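So you can see what is in the structure, the chains are spelled out below.
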Amino acid sequence: MTKDKVTGTLVFAVVTAALGSFQFGYDIGVINAPQEVIISHYEYVLGIPLEDRKAINNYTINSTNDLPTIPYLRDSTPTSLAEEETTTSTSLITMLWSLSVSSFAVGGMIASFFGGWLGDQLGRIKAMLVANVLSLAGALLMGFSKLGPSHILIISGRSISGLYCGLISGLVPMYIGEIAPTTLRGALGTLHQLAIVTGILISQIVGLNFILGSHEQWHILLGLSALPAILQSLLLLFCPESPRYLYIKLDEEVKAKKSLKRLRGSDDVTKDITEMRKEKEEASSEQKVSIIQLFTNSSYRQSIIVALMLHMAQQFSGINAIFYYSTSIFQTAGISQPVYATIGVGAVNMVFTAISVFLVEKAGRRSLFLIGMSGMFVCAIFMSVGLILLNKLAWMSYVSMVAIFLFVSFFEIGPGPIPWFMVAEFFSQGPRPAALAIAAFSNWTCNFIVALCFQYIAKFCGPYVFFLFAGVVLAFTLFTFFKVPETKGKSFEEIAAEFRKKSGSAQAPKAAVEMEFLGASETV
């Protein structure tokens, strides 16, 4: 097979779509840096007296940032009315802050069901344009939060931004997957994750106290995601619509050819059209599959369970915990500015995601996922050992630091980017939209559970918390080894046969659907 060439139009369209993923990453990371500043503003808005504010700040910051040290425990029976009021204020502020962080995931959970549907109703380009309306609305609410009841405006803005990110987590991989040539689909698929981690890194940098993380400018920091939203909206007007959408959904062969010619930079698009015609014939013979049918129909059950487990593995691996823990571990290691070390973790995150773009077509999806998970298991053990022996051996803090950097590296080699596009490779045209929706929903739900529960788990387990994550990672690694098939370079029929082999079932699939366009090229 000839090597597909990368054209200017293809690069332009992929980068434009990835601006949505960049906003997603920015929204994930932006709330962390100015935490103390925003909490003190909440207290000011709620009219909490200055003495109480100091007590609350001590409590809230200890309980959300310095997780390895157990937050100081307040007397459970307040001796005076003033102390009782402070306790009430503390729990109110903690609750409002918790909502400010987790309302984003609630929005994402709700919207993740509608990304595919919106893409089918309006087309991929118009759907991304409509989604940007939500992004702008969320950014404006947060940008003007300093002028009104900031807690209400930030929680509302975060929820609306979450709705946007829920839509984007379905639309961007879908659009990139549909415009990419077969040989580049895996590599371009990982750009969604690369753009997310770039967004996180940029939000950490601009959130520094001397840039936008100050008392005067934090609201600008929160509202800044309006800029990529406006830029993406303008650039989308020049992007070609997905040829797959035009041909398979709308039956517009002429428009699909025109779009393909722009994307491929060639007048000869017969290979792509033949591929899509084959897919369309299969899609018309294959009924749309509902989410319930994915679990009740034995042809899909094994695939959907594996897809959900991959997404659960990504979220429950402890990667979010790392971003909570890193600042305090770096502090313990005697680094005077731990925030810069945390940015270092963000940079490592980005570099290894970029490396995975090149690795994914060479090494295969399953093997990279297994290498990533195995490495994370070892690192999690070293992190816990480092934290436990910290007081006895000062150099153990450096063991924990190195383990953090390696943990993040292993995550971005496999469990970070791979679940998103492996799910699309498991399913043919009929069940794919429902499968992508339920996979995105499970990812957001797990994200929400971790965001909500991690504080309490860390308080309960102390330095032993990473042993817990090591156990979870080991369980998911074993599951992947025994149950997840390799999808690189395979047609849908071959992947379905792999699933039957792994589940020990000899039952033939209901529709033997050839889908080479979903795998990687036969030449790699």
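Above this text sits the structure in question.
As the structure is a prediction and not an experimental result, all values here were calculated from the model.

Asks: Outline the overall build of the protein chain, supporting the account with residue identities and numerical values.
Replies: The helix and strand inventory of the protein chain stands at 24 helices and zero strands. For the protein chain, the residues scored as buried account for 55% of the 524 residues in total. Restricting the contact set of the protein chain to residue pairs at least 6 apart, pairs at least 24 apart contribute 80%. Accessible surface computed for the protein chain: about 21,300 Å², of which carbon and sulfur atoms make up 68%.

Asks: Could you give an account of the packing of aromatic side chains, naming the residues involved and the relevant values?
Replies: For the structure shown, the criterion picks out seven aromatic pairs. When the ring of Phe426 is compared with that of Phe499, the centres are 5.0 Å apart and the planes differ by 80°; the resulting orientation is edge-to-face. Here Phe426 is found in helix α21 (residues 418-426), whereas its partner Phe499 is found in helix α24 (residues 492-503), with 73 residues between them in sequence. Just as Phe426 is buried, Phe499 falls in that class too. On the numbers, 6.3 Å between centres and 35° between planes, the contact of Tyr464 with Phe467 is tilted. Tyr464 sits in the partly exposed class, given a relative accessible area of 47%. Assessed through its relative accessible area of 34%, Phe467 is described here as partly exposed. Connected via pairs of aromatic rings, a cluster forms that spans Phe24, Phe104 and Trp444. The ring of Tyr247 is capped by Lys280, whose NZ or CZ atom sits 5.3 Å from the centre of that ring.

Asks: An account of the packing of helix α16 (residues 298-316) against helix α23 (residues 465-483) is needed here, citing residue identities and associated values.
Replies: Contact geometry of α16 with α23 gives a least axis separation of 10 Å together with a crossing angle of 150°. In this view, α16 runs roughly antiparallel relative to α23, as classed from their interaxial angle. For the element pair α16 and α23, the recorded crossing hand is left-handed. For the pair formed by α16 and α23, the contact residues are Gln302, Val306, Met309, Met312, Ala313 and Phe316 on the first element and Phe469, Val472, Phe476, Phe479 and Lys483 on the second. Class assignment of the residues belonging to the contact of α16 with α23 gives a composition of nine nonpolar, one polar and one charged.

Asks: Just give me the short version of a nonpolar patch on the surface, but keep the residues and values in it.
Replies: A cluster of nonpolar residues, Ile202, Ile205, Phe210, Ile211, Val339 and Tyr340, forms a patch on the protein surface that exposes about 500 Å² of accessible area. Secondary structure elements with two or more residues in the nonpolar patch: α9 (191-206) and α18 (338-363). Inspection of the secondary structure puts Ile211 in the loop between α9 and α10 (218-223). On the accessibility criterion, Ile211 (31% relative accessible area) is partly exposed.

Thresholds applied
- Residues numbered from 1 in each chain as written.
- Predicted model: local features only at pLDDT ≥ 70, side-chain atom pairs only at ≥ 80, totals over all residues.
- Heavy atoms only, no water.
- Helix = DSSP H or I, 4+ residues; strand = E, 2+ residues; numbered from the N terminus.
- Buried < 20%, exposed > 50% of the residue type's maximum accessible area, 1.4 Å probe, protein only.
- Contact = heavy atoms within 4.5 Å.
- Areas by Shrake-Rupley, 256 points an atom, 1.4 Å probe, with all protein chains shown as cover.
- Phe/Tyr/Trp six-rings, centres within 6.5 Å; stacked < 30°, edge-to-face > 60°.
- Lys NZ or Arg CZ within 6 Å of the ring centre and 35° of its normal.
- Axes fitted to C-alpha atoms, helices over the stretch in contact; angles between N-to-C directions.
- Parallel < 35°, antiparallel > 145°, perpendicular 65-115°, else oblique.
- Left-handed = near helix turned anticlockwise from the far one by under 90°.
- Nonpolar A, V, L, I, M, F, W, Y, C, P; charged D, E, K, R; others polar.
- Patch = residues over 30% accessible without salt bridge, like charges linked within 9 Å, V, L, I, M, F, W, Y side chains within 5 Å.
- Salt bridge = Lys/Arg side-chain N within 4 Å of Asp/Glu carboxyl O.

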